[in-house]
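So the chains spell out like this:
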Amino acid sequence: MVDYSLNNRKYVLGFSVAFILIIYLVRLFSLQLMSDDYKMRADSNAFMRRILFPARGAITDRNGKLLVYNQPAYDVMVVMKEQVGVDTIHLCRSLGITREWYERRMKEIKNTVGYSMHTQQVFMSQLSAKEFSNFQEKLFHFPGFYIQKRNIRQYTGPYAAHLLGDVGEVSPADIENDEYYRSGDYIGKLGVESSYERQLRGVKGSEILLRDVRGRIKGRYQNGKFDVQPIPGKNLTLSIDLELQKLGERLMQGKLGSIVAIEPATGEILCMVNAPTYDPRSMVGRQRGKRHKELSADPMKPLLNRSIMGLYPPGSTFKTSQALTFLQEGIIQPTTQYPCSHGFHFRGLKVGCHGHASPLPLVPSIATSCNGYFCWGLYHMMENRSKYRTVQDAMTRWKDYMVSMGFGYKLGVDLPGEKRGLIPNAEFYDKAYNKSWNGLTIISISIGQGEVTLTPLQIANLGATIANRGWFITPHVVREIQDEELDSLYTQKRRTMVSPIHYETVATGMQRAVEGGTCRAAYTPEYIVCGKTGTAQNRGHDHSVFMGFAPKDNPKIAIAVYVENGGWGANYGVPLGALMMEQYINGKLSPASEQKAETFANKHISYGDYVR
Amino acid sequence: MVTTSGKKSFMASIDWLTIVLYLALLAMGWMSICGACYEYGEPKDLLSLASFSTRTGMQLVWIASSIVLGVIVLMLDDRIFDTFAYLIYGVLLILLFATPFLTHDIKGSLSWIKVGSFSIQPAEFAKFATSLALAKFMGTYGFRLQGSWKNLFMCIALMVVPMVLIVLQKETGSALVYLSLFLMLYREGMPGSVLFIGIAAVAYIIVGLRFSEIMLLGGLVSLGDVLVVLMIILFSLGMVFVYCRPSALIKAQEHSRSTMVSLHSLRLRRYFYIGLFAIGSLAIHVSASTLVDHLADHQKKRVLVLLGLRDDPNGVGYNQIQAKIAIGSGGLAGKGFLNGTQTKLKYVPEQETDFIFCTVGEEQGFIGSAIVLTLFLGLLWRLIYVSERQPTAFGRVYGYCVFSIFTFHVVINVGMVLGLMPVIGIPLPFFSYGGSSLWGFTLLLFLFLRIDAGRTRLLH
């Protein structure tokens, strides 16, 4: 029996099924074709972008001795979204941190620039190998926590801290200034690490990994087709001679001050000693912050790179620059004699001097460091109305000479934080003396006192300029960058306004100072040393200064030694400078010199009332 | 002569279109299993995919054995199905009853029996047995579903017994499949209102709970309440319009055996039934929401999430969200064979069984998914067509049982994966991994093909 009223029901069923499946097709259409949202969520599900950090460039001294290298360290990373439900107490115990530290750190992470809850953030940096292996075993307890291998800097010795600098975590300002950096990255903070950051850091790479639902890495996306290999940082060869640097640091123990040596022909800095110093090895890893704080609080300012940041009166070493200026300007001839009766006496003004024959021409004046001679010279220059219309014009002319010798402005050394020193100009005195001043008012600048300040680097550069008889190359500490040319600033000669012939005269004066003047202690029969002492007056005990170079012809080294409160230039400056030159020229110290070096290394200057 | 011509006509009488659809679905199913089971980093060549040590290789074994099974079924005499229908049904009921006592708990399910190194799931075979029993019962001479509540209840009883036994195995999803047989009953003359009431009841529960949190009129009633009441009014008015028109009443009077029934009393009776429907509807809604309200919060949440009524990205709803992500990331053309990341990296749970359609969506994209859905639609329509051409009620009923069961599996499974249906764990025919379900579906389908192939003989 066929009931025809039921016949239509097959259509009801057939169309109902079709209707439902069409709804499904519409749904598929909207899921798969209408929005990228699911695609992106799938990517964030499965893709993990891991940064591949390049090895930072290594740093060697001029002879290829390794100074700075990399050591593996391990950072604990956290992905906020994944770490929900982690047993914090267990975590803190495993990492040896307090609950409070954990809470604070988590808050910090969330507040950092560029924070994302889906990506890895540095939770704790630089675990030691031992801490790492302990934590690694327990890592599976803490979903959302990862370990990332990083390189930290390591130093071969306790030397040249200021020059090498160090690396630390980037500051929020660094991240804002350079989009290369992400929170937790490292950046060079001081010294060469900072000034050559771009070359040393290399280029970060990245790899795209596939991770499964439990966060386990299952492999590389498309076999690493989209991975970018990191480019290692470039190695740097410094111009520093490690042995010379070591000796300098040893000699400066227990003193404040600086020794800078330059190879005159190239402008390469051979050593840059700062005292007091610190061990760069103590600025590595997690203790960096604490150590940095301690050093900052030290009244002796061990973090200060005195060689380029210390502003000192150059004292009598400055007289060489005056002689050169007066000669070039025709104020004096080498034969010009000025009287000196225990100093410069004129119109009630008195600048004292030690006893020596009088009057003297230029060369012996340099050799004996006669104050009177240079006071007269400056006075005659400032008051020469046939040459200069006003004292201001004379002053401007004088200033131009000083600037051409690299004073008054930053030299441009390849280290951060260089100071420019002070070379006063006419406006400066107009302001200070309400325009009523003359050559006598400013007479003390002729002997490197008064308003004039230089950095030890500028003093050493003066030595190098005289050694070259009239030119210098901007001093620099990096001799070679792997696969890269040096900045042309560090290869081009800069000439002063003084002709070489006058330099020869001054060099002879400096030679005489060593052979029979103030620098006798620097004399050696092996090569001709040119030197100039300085005894810079100071509120406390005088500073002991030496500037010199050797040998006189084809000089290999120019040097400045500045020992704060060291007294006469001959007390510390000369002997230390002589030892340094011997070390560099001979490659070692003679036994007698070695003994002398030991004596000086053990001499301590008391800075009980040190205030700066 | 007789044998050769008989053989020829037999080969010709097989419904080859269904077999082609079956093989096409099997092929796409195996590709999906490859995508779902492929472990990241393994070789991608065909030989290692077919290795028996992997699930893809095992599935290949199931597919091959299913085809063999199908061929064997086609070679049997179709009359034995009719003859042994109750016996088969009885044996499977016993097996279903015994299963929980013979098994170990697998993920909270008591439905697996270990045979050697394989586990089989008797519930998958109970489908065809129940279909056979229903076909046999409803194929009896003079059987009439219309106007016989007794017969309807007998049919429902045949369905409910295996359902209850399967619920006892903690396989609620598989048990619900038997409800799909109401579609067959509808075709065979069950009043449409019964199907309608059933569907309406489900709609009340889902809509009511879905919007139960949105309060209106200062917390007096929820939006769910309002919507359900509106639905009830709409349905009731519709019924009044359909059943109480003068023309409908006259028609009913003509059909009625006693012409004594006046139009007036007939109308009153119909109003009464419609009123009963409305009150019953309200009762269902009130009891469902009261029940849910009295559950503890976490239980309530679980019910809502299980019904797909609330998002719970990290809990129960996680499956559906990950499924949507996997499918959505496929785009138009998909990521390509074995290139899906979401399924490969196990973001989608149950991805080779209940959520296998995700792999289709992710690796084959919209195009592949549309092809699969079209193949299924083609199969379902073909089942209707073939059922309708059966000369016997036995064949037609069995055919509609097959149609109903496949429809339920496809609609529920795909709907669940797409986030349109509650999470009910049942396999997608020919796609989900596993021998039992594949064998079960193959038996179900090929029995029908065998019955269909025998239709010509019966015509003579």
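Going by the structure above, here's the rest.
The shown structure was predicted, so the numbers you read here are calculated from the model rather than taken from an experiment.

Enquirer: Looking at this structure, I do not really get the interface of chain A and chain B. What am I missing?
Expert: Between chain A and chain B, the contact holds 39 residues from the first and 52 residues from the second. Between chain A and chain B the total buried area reaches about 3,800 Å² when both faces are included, carbon and sulfur atoms providing 69% of it. Remark: the boundary between chain A and chain B carries 0 salt bridges. Counting every contact that joins chain A to chain B gives 8 residue pairs in polar contact (both at pLDDT 80 or more). Among the secondary structure elements, those contributing two or more residues to the side of chain A that touches chain B are α1 (9–33), α2 (37–46), β8 (205–211) and β9 (217–220) of chain A. No other element matches the 18 residues that α1(A) contributes to the side of chain A that touches chain B. When grouped by side-chain class, the residues that make up the side of chain A that touches chain B number 22 nonpolar, 7 polar and 10 charged.

Enquirer: For this particular structure, what's the right way to read the packing of helix α10 (residues 192–210) of chain B against helix α13 (residues 263–293) of chain B?
Expert: Helix packing geometry: the angle between the two helix axes and the distance between the axes. Residues and elements named next belong to chain B. The geometry of α10 relative to α13 is characterised by a closest axis approach of 10 Å and an angle of 40 degrees between their N-to-C directions. Taken together, the axes of α10 and α13 are oblique relative to one another. Between α10 and α13 the crossing geometry is right-handed. Across the interface between the two elements, Phe 196, Ile 197, Ala 201, Tyr 204, Ile 205, Gly 208 and Leu 209 of α10 pack against Phe 277, Ser 281, Ile 284, His 285, Ala 288, Ser 289 and Val 292 of α13. Across the contact of α10 with α13, the residue classes break down as 10 nonpolar, 4 polar and no charged.

Enquirer: Quick question: what am I supposed to make of the pattern of salt bridges here?
Expert: Note on pairing: side chains with opposite charge can pair once their charged atoms come close. All names here are of chain A. Enumeration according to the criterion identifies 41 salt bridges over all chains in this entry. Linking Asp 166 and Arg 288 is a salt bridge whose minimum nitrogen-to-oxygen distance equals 3.0 Å. Of the two residues, Asp 166 sits in the loop between α6 (161–164) and β6 (167–169) while Arg 288 sits in helix α11 (residues 288–297), which places them 122 residues apart along the sequence. When its relative accessible area of 16% is taken as the criterion, Arg 288 is described as buried. Between Lys 204 and Asp 185 there is a salt bridge, with the nearest N and O atoms lying 2.5 Å from each other. Here Asp 185 lies in the loop between α7 (172–177) and β7 (186–188) and Lys 204 lies in the loop between α9 (197–201) and β8, a separation of 19 residues in the sequence. Both residues of the pair, Lys 204 and Asp 185, count as buried.

Enquirer: Would you take a moment to explain the environment of B:Ala123 for this structure?
Expert: Residues and elements named next belong to chain B. Tracing the backbone through its elements, the reader meets Ala 123 in helix α6 (residues 122–138). In this structure, the C-alpha to C-alpha distance between Ala 123 and Pro 162, residues 39 residues apart in sequence, is 8.3 Å. Apart from the residues lying within four places of it in its own chain, the contact partners of Ala 123 are Leu 96, Ile 166, Gln 169 and Tyr 178.

Enquirer: Quick question: what am I supposed to make of the nonpolar core here?
Expert: Note on soluble globular proteins: their nonpolar side chains tend to be buried together. Formed by 122 residues in total, the largest nonpolar core has its most connected members in B:Met138, B:Leu185, B:Phe357, B:Tyr398, B:Phe430 and B:Phe431. If you look at the next biggest cluster of nonpolar residues, it comprises 96 residues, including A:Tyr388, A:Tyr503, A:Val506 and A:Val545.

Enquirer: It is not clear to me how the sheet that holds strand β11 (residues 257–263) of chain A should be interpreted in this structure. Could you clarify?
Expert: Strands belonging to one sheet form pairs held by backbone hydrogen bonds; the direction of such a pair is parallel or antiparallel. All names here are of chain A. The strand order across the open sheet built from 5 strands is β12-β11-β20-β19-β18, with neighbouring strands paired in antiparallel fashion. At either end of the open sheet lies a strand with only one pairing partner, and these are β12 (268–275) and β18 (530–536). Between one strand axis and the next, the sheet turns by 5 degrees as a mean value, whatever way the strands run.

Enquirer: Help me understand the packing of aromatic side chains, please; the structure alone is not making it clear to me.
Expert: Two aromatic rings are characterised by how far apart their centres lie and by the angle between their planes. Residue and element names in this part refer to chain A. In total, this model carries 37 aromatic pairs over all chains according to the counting rule given. On the numbers, 4.1 Å between centres and 25 degrees between planes, the contact of Tyr 312 with Tyr 562 is stacked. Pair noted here: Tyr 312 is in the loop between α12 (306–309) and α13 (319–329) and Tyr 562 is in strand β20 (residues 557–563), with a separation of 250 residues, a long-range link. The exposure class assigned to Tyr 562 is buried, which follows from its relative accessible area of 1%.

Enquirer: Just checking my understanding: could you explain the state of the cysteines for this structure?
Expert: Think of a disulfide as a covalent bridge from one cysteine sulfur atom to another cysteine sulfur atom. Residue and element names in this part refer to chain A. This structure, assessed with the given rule, holds 0 disulfides over all chains. Take Cys 375: it sits in no disulfide, and the sulfur closest to it among the cysteines is that of Cys 370, at 8.2 Å. By relative accessible area, Cys 375 is classed as buried at 0%.

Conventions we followed
- Residues numbered from 1 in each chain as written.
- Chains lettered and ligands numbered in written order.
- Predicted model: local features only at pLDDT ≥ 70, side-chain atom pairs only at ≥ 80, totals over all residues.
- Heavy atoms only, no water.
- Contact = heavy atoms within 4.5 Å.
- Buried area = accessible area lost by both parts, 1.4 Å probe.
- Salt bridge = Lys/Arg side-chain N within 4 Å of Asp/Glu carboxyl O.
- Polar contact = N/O pair within 3.5 Å; in protein donor to acceptor, adjacent residues only side chain to side chain.
- Helix = DSSP H or I, 4+ residues; strand = E, 2+ residues; numbered from the N terminus.
- Nonpolar A, V, L, I, M, F, W, Y, C, P; charged D, E, K, R; others polar.
- Axes fitted to C-alpha atoms, helices over the stretch in contact; angles between N-to-C directions.
- Parallel < 35°, antiparallel > 145°, perpendicular 65-115°, else oblique.
- Left-handed = near helix turned anticlockwise from the far one by under 90°.
- Buried < 20%, exposed > 50% of the residue type's maximum accessible area, 1.4 Å probe, protein only.
- Core = buried A, V, L, I, M, F, W, Y, C linked by side-chain atoms within 4.5 Å.
- Pairing = 2+ DSSP bridges.
- Phe/Tyr/Trp six-rings, centres within 6.5 Å; stacked < 30°, edge-to-face > 60°.
- Disulfide = S-S within 2.5 Å.

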